[in-house]
Amino acid sequence: MAEAPVTVNSIVSGVKPRQTGTMKRPVASLFLCVTLAGCAPPAVYHQPGVSVARLQSDLLSCEVAALKDAPVANQIRRSPPVFIPSRRFCNSDGHCYHRGGYFAHGDVYTVDVNARLRNDLEDQCMTRKGYQSVALPRCTGAVVRTPAATPGRVNVMQALTPNSCVARDDENRWQVIPQAPRDLSLLGWLSGRSDFKPSGMTAMIPTPAPDLDPVKAVSQTYAAALEAASAQTVASVLSEHLAPDCRWYGMHPFHEQTGPAAIAGTFWEPFLTSFSRVQRREDIFFAGLNEIDGFSSTWTCSMGHFMGLFDAPFLNIPATRKIAMLRYAEFNKIENGRITQSALFIDLLHLMAQAGLDPLSVTQTGAQLVQPGPRTHDGLLTTAQDTAQSQKTLARINNMISSIDHANAAIRPPSPEDELAVDWHDDMVWWGPTGIGATYTIERYIQQHQAPFRRAMQGRVLNGHLCRMAEGTYGGFFGWPNLTLTNKNGFMGVPGNDIRADMRVVDIYRRAGEKLVENWIFIDMLHFLNMQGVDILAEIDA
């Protein structure tokens, strides 16, 4: 997001999701909200000179009054039926059957017909009390999740400037915050500490850039050793290359693990027991400094497929004794020649599809296929890249995130097509995960992912990233989780509900010229579904 100096103190805003009546503008564009990491924050109420305690009291009073005059009035509605085409299914024993086409009933969902009126009444009430509703861009860098501000910094609201921005504190409240002094990050400013490193708000990669070759060598040596490992030897391989307290982030059902033994026992040993002759068929490899911690740590990113012979069941997924291509994305933090943090995202729904399983109750909106690497076949950055090109890629990724915020805050927001055209070539390819699928061109992306997602999801909260970096024309990030949201109106065959669920996401990008053109996405779908009470792995076993 674009940032510039501001001169106001932090302001805590008592804002809640749209359905409770305090988000002030309709969400104009959620086109890449899940995977491109940008949902605009709600507008906040502001009145210079008024205490935060008074703001909270006035807001509660107006909410109560609005609820009294426009009570919740839910209506039950149903989306149109969807035709599910006929399909042929085969299990691991080679037995096949055909399922004819049929119509699936539309999802049943509720709409509070008084919600908009209640929002308007609250706005009017707050306006009468002297408050102004303002929509501000979200602050970038490590400030996305700030510690609770120290007493005395947020007591009284000060005047805003055109460059003010907002971030959430640990109590999930929006804060309007100034730019940190040059020697402090926003985290440090909010906590009153002076020992924080710069936050990378301006997204300027330090120059001269450090030599990334040694870091790349660590990851490449580790990958080669893994490829030669077996289920019996992989623990010792991990012990050789990972720090003893290495923190590992894995998708459901593996989750977080600490230390080589736990990582090997949880994922690699079962995986290498089920798959033989595994190859890491890498399509993208790059390294960089992590913007999120002020460019103070160095990471590598590897993406492609683990190809092997699927010879024994894995997580209740039946073996095929055929080639299987498991999509993966891996981020490794390198310190002193060892991996100290690692995130491994794999597409298990994609593997299930190769095994002839279709655990979702609806057909995905995008295409299902074994996804290729970059069109340009230049994704393996084993040599040094021009720092200026790396900066250009990182700036474009951040501008894309900022574009979402700006569009959602606009009084007359641009169309999704116009908004996408700012940062994306028209022939963009969105290599989405199984459950959503891949799409091609701006127009089809909007039809096949943006629109279904926007209809389904409410209450989106961006939690930020653990790593965001770029090298040359490639860049990417991952979060843990990136987003928390509610599947309000039904998504991926799961009926609408009120459960807050997390999306852990990886995005990897390729830039061509001035704009982005390809995007590979990994989402921990099984975790997202499991939080809503849908246990895909248990259903397969049953």
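That block above? That's the structure.
Conventions adopted
Residues numbered from 1 in each chain as written. Predicted model: local features only at pLDDT ≥ 70, side-chain atom pairs only at ≥ 80, totals over all residues. Heavy atoms only, no water. Helix = DSSP H or I, 4+ residues; strand = E, 2+ residues; numbered from the N terminus. Contact = heavy atoms within 4.5 Å. Areas by Shrake-Rupley, 256 points an atom, 1.4 Å probe, with all protein chains shown as cover. Phe/Tyr/Trp six-rings, centres within 6.5 Å; stacked < 30°, edge-to-face > 60°. Buried < 20%, exposed > 50% of the residue type's maximum accessible area, 1.4 Å probe, protein only. Lys NZ or Arg CZ within 6 Å of the ring centre and 35° of its normal. Patch = residues over 30% accessible without salt bridge, like charges linked within 9 Å, V, L, I, M, F, W, Y side chains within 5 Å. Salt bridge = Lys/Arg side-chain N within 4 Å of Asp/Glu carboxyl O. Lys, Arg positive; Asp, Glu negative; His and termini not counted. Charge placed at Lys NZ, Arg CZ, Asp CG, Glu CD. Polar contact = N/O pair within 3.5 Å; in protein donor to acceptor, adjacent residues only side chain to side chain. Expected span 1.5 Å × (residues − 1). Bend = angle between axes of the 7 residues up to and from the residue. 1 Å grid on protein atoms, 1.4 Å probe; cavity = no way out; pocket = protein on both sides within 12 Å on 5 of 7 lines; lining within 4 Å. Points joined across faces, edges and corners; volume = space filled by probe spheres on them. Pairing = 2+ DSSP bridges. Axes fitted to C-alpha atoms, helices over the stretch in contact; angles between N-to-C directions. Core = buried A, V, L, I, M, F, W, Y, C linked by side-chain atoms within 4.5 Å.

### Side note on the overall build of the chain
Looking only at helices and strands, one finds 12 helices and 26 strands in the chain. Long-range pairs, those at least 24 residues apart, make up 72% of the contacts in the chain between residues at least 6 apart in sequence. Approximately 22,400 Å² of the chain is accessible, and the part contributed by carbon and sulfur atoms is 53%.

### Looking at the packing of aromatic side chains
The geometry of an aromatic ring pair is captured by the separation of the ring centres together with the interplanar angle, meaning the angle of the planes. One pass over the structure, following the stated rule, counts 24 aromatic pairs. Seen from their ring centres, Phe-267 and Phe-271 are 5.3 Å apart, and the 10 degrees between their planes marks the pair as stacked. Residue Phe-267 and its partner Phe-271 are both found in helix α6 (residues 260-274); the two are separated by 4 residues, about one turn of the helix. Among the residues examined, Phe-267 registers a relative accessible area of 1% and is labelled buried. Exposure remark for Phe-271: the relative accessible area of 1% places this residue in the buried category. An aromatic cluster of three or more residues is present, and its members are Trp-248, Phe-254, Phe-267, Trp-268, Phe-271, Phe-275, Phe-306, Phe-310, Phe-314 and Tyr-328. Geometry around Phe-522 places Arg-327 over its ring, the cationic atom sitting 4.1 Å from the centre.

### A look at a negative patch on the surface
Judged by side-chain charge, Glu-417, Asp-418, Asp-426, Asp-427 and Glu-443 come together as a negatively charged surface patch. When residues of the negative patch are traced back to their parent elements, those giving at least two are α9 (416-423) and β18 (424-431). By the secondary structure assignment, Asp-418 is in helix α9.

### A word on the side chain of Asn-482
Inspection of the secondary structure assignment puts Asn-482 in the loop between β22 (474-478) and β23 (483-487). Classification of Asn-482 by relative accessible area gives buried; the value is 0%. A polar contact is formed between the side chain of Asn-482 and the backbone nitrogen of Gly-479, at a distance of 3.0 Å. In this structure, Asn-482 is in contact with Val-461, Leu-462, Asn-463, Gly-464, His-465, Phe-477, Met-503, Arg-504 and Val-505, ignoring residues within four places of it in sequence.

### What to know about the environment of Tyr-440
Locating Tyr-440 in the fold gives a position in strand β19 (residues 439-440). Between the alpha carbons of Tyr-440 and Asp-426 there is a distance of 8.9 Å; along the sequence they are 14 residues apart. Setting aside chain neighbours within four positions, we find Tyr-440 in contact with Asp-427, Met-428 and Val-429.

### Describing α6
Over its 15 residues, α6 runs 20 Å from end to end, which matches the ideal 21 Å to within 8%, given 1.5 Å per residue. Along α6, the sharpest kink reaches roughly 40 degrees, centred on Trp-268 and followed within four residues by the proline Pro-270. Listed in full, the buried residues belonging to α6 are Pro-260, Ile-263, Ala-264, Phe-267, Trp-268, Phe-271, Leu-272 and Ser-274.

### Notes on empty space enclosed by the protein
Going through the model one piece at a time under the given rule, you end up with 4 cavities of 30 Å³ or more. The volume enclosed by the second largest cavity comes to roughly 80 Å³. Contributing to the lining of the second largest cavity are Ala-223, Leu-226, Glu-227, Ala-229, Trp-268, Phe-271, Leu-272, Val-278, Gln-279, Arg-280 and Phe-306. Sorting the residues of the lining of the second largest cavity by element identifies α4 (213-227), α6 and β14 (275-289) as the ones contributing at least two each.

### As for the sheet that holds strand β24 (residues 500-503)
Spatial ordering of the open sheet is given by β20-β23-β24, a layout of 3 strands whose pairing is antiparallel. Two strands in the sheet have a free side with no partner beyond their single neighbour: β20 (457-462) and β24. The average angle at which neighbouring strand axes cross in this sheet is 30 degrees, direction not considered. Bridge analysis of β20 against β23 gives 4 bridges, and the strand direction is antiparallel. The residue of β23 that forms the bridge with Met-457 is Asn-487. Its contacts with the sheet place helix α10 (residues 442-456) against β20, β23 and β24, and it is angled at close to 95 degrees to β20.

### Quick word on the sheet that holds β22
Two orientations exist for strands paired in a sheet by backbone hydrogen bonds: parallel and antiparallel. The sheet built from 6 strands is open, its strands ordered β19-β18-β26-β25-β22-β21 with mixed pairing. Of all the strands in the sheet, just β19 and β21 (467-471) have a single pairing partner and so form its edges. With 2 bridges connecting them, β18 and β19 associate as antiparallel partners. Counterpart to Val-429 in the pairing with β19 is Tyr-440. This element, α9, spans β18 and β26 (515-523) of the sheet and lies at about 90 degrees to β18. Contacting β18 and β19, α10 crosses the sheet at an angle of about 40 degrees to β18.

### Some remarks on the nonpolar core
In this structure, Trp-268 and Phe-271 are the most contacted members of the largest nonpolar core, which totals 99 residues. The next biggest cluster of nonpolar side chains, apart from the first, holds 9 residues, and it includes Tyr-45, Val-50, Leu-59 and Cys-125.

### Digging into the side chain of Thr-486
Residue position: Thr-486 is located in strand β23. At a separation of 2.8 Å, a polar atom in the side chain of Thr-486 contacts the side chain of Arg-500. Residues within four places of Thr-486 in sequence aside, it is in contact with Ala-456, Met-457, Gln-458, Asn-497, Asp-498, Ile-499 and Arg-500.

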